[in-house]
Amino acid sequence: MRKTATKQSGKIPAQPGPREVASVKPGVPADAESVIPGAGPSTHPGERPTVRLRDAGPDDAPRYAPEWLELREGPDAAARAGDLIDPLRIRLANLPGKAGLVIHDLGCGTGSMGRWLAPRLDGPQHWILHDRDPYLLHFAAVASPRSAADGSRVTVETRRGDVGLLTPDALAGASLVTASALLDVLTREEIETLATACTGAGCPALLTLSVAGRVELTPSDPMDDEIADAFNAHQRRGGLLGPDAVTVACEAFSERGATVRLHPSAWRLGPAESALTAQWLRGWVGAAVEERPELKEPAERYLRDRLEACRAGELKVLVHHSDLLALSRPTGGAS
């Protein structure tokens, strides 16, 4: 992975929580009419509504706002597949010659994956946080966990980089590659690059919260399926894989000799998550309309009704995701 811009190493002493991270930058109120960046369509026509880890121009603003990442951190943590942790622990325990774990977190955002996973793994850990947004990298480092499950020390460094340039050499010495909500914003070529790098380095990969293309809203509405279909088409713009990403990733890792495990990891949004649900709804419907402009008028009515139900605590949403654990054949003779 390309190592550009600033790089900082060592343990970060301060550790504010996610709300403190988000509050550093003035946010958008949860009930505002606007969509927090990262939760919906880009403000630039024809561009993806998310941070891209490949090279971008100097005027290409980051697509994830800390406010959006804060809203989703709790539901993300609740959704991730804990059942994949035990097989991951077994593999990590059998890696050869490891005095501690070296974990590369791709597209780390504000570091929620590290805050979730580091306290679930034993032993010293050094996290290498990758993102193209230096603002998010700063807060990921500041809010990183400081201790593992057994009290061992956790340290971090940050790197700006491009997942499309990832190579086995860049992962030399890596124990694990992680990412959250990443696969669906990659192309087939980028996923194959990722799989080649991980399997070439002999390290496992835990890739969580990839969209599955299925959404269930209760109560249902006749427009639910139409909006979902348009949104899924929007996710596939520009050769990105969207809801097809997990299937492609399974094939890519399997073809390179890895053992792949899948587990569902759905968001379960109810009245307690109304702020996230409202932002997700605006982004979901907005992307569908961007893909199919003829939906604009009925979609406005649909969104208004859905937001009213959300505010009244009457709406429940199940947003399906998948978690993937790819256990590559270790190098160095480990079983």
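This text gives an overview of the structure that appears in the document. (Residues numbered from 1 in each chain as written. Predicted model: local features only at pLDDT ≥ 70, side-chain atom pairs only at ≥ 80, totals over all residues. Heavy atoms only, no water.)

1. What about the packing of aromatic side chains?
For the coordinates displayed, the defined rule picks out three aromatic pairs. When the centroid spacing of 4.8 Å and the interplanar angle of 75° are considered together, the rings of Tyr 135 and Phe 139 count as edge-to-face. Here Tyr 135 and its partner Phe 139 are both found in helix H5 (residues 134-142), four residues apart, which amounts to about one turn of the helix. Plain terms: the ring middles of Trp 280 and Trp 284 are 4.8 Å apart, the flat faces sit at 20° to each other, and that makes the pair stacked. Here the residue Trp 280 and the residue Trp 284 both occupy positions in helix H9 (residues 274-291), the gap between them amounting to four residues, near one helical turn. Here the two residues Trp 280 and Trp 284 agree in accessibility, since each one is buried. (Phe/Tyr/Trp six-rings, centres within 6.5 Å; stacked < 30°, edge-to-face > 60°. Helix = DSSP H or I, 4+ residues; strand = E, 2+ residues; numbered from the N terminus. Buried < 20%, exposed > 50% of the residue type's maximum accessible area, 1.4 Å probe, protein only.)

2. Regarding the environment of Pro 219
With respect to the helices and strands, Pro 219 occurs in the loop between strand S6 (205-218) and helix H7 (224-235). For Pro 219, a relative accessible area of 45% translates into the label partly exposed. Sequence separation between Pro 219 and Val 317 is 98 residues; the distance between their C-alpha atoms is 9.0 Å. Sequence-distant contacts of Pro 219, defined by excluding residues within four places in its chain, comprise Arg 306, Glu 314 and Leu 315. (Contact = heavy atoms within 4.5 Å.)

3. Thoughts on the pairing of strand S3 (residues 125-130)
The buried fraction of S3 is high, at six of six residues. Residues Gln 125, Trp 127 and Leu 129 line one face of S3 and the alternating positions His 126, Ile 128 and His 130 line the opposite face, and both faces are buried. Note: strand S2 (residues 101-106) against S3, six bridges, orientation parallel. Of the residues in S3, the one forming a bridge with Leu 101 is Gln 125. The parallel pair S2 and S3 is bridged by helix H4 (residues 112-117), and the resulting crossover is right-handed. Pairing between S3 and strand S4 (residues 154-160): six bridges, direction parallel. For His 126, the partnering residue across the bridge sits in S4 and is Thr 155. Each parallel crossover has a hand, and for S3 linked through H5 to S4 it is right-handed. (Pairing = 2+ DSSP bridges. Right-handed = clockwise from strand over helix to strand, strands pointing away.)

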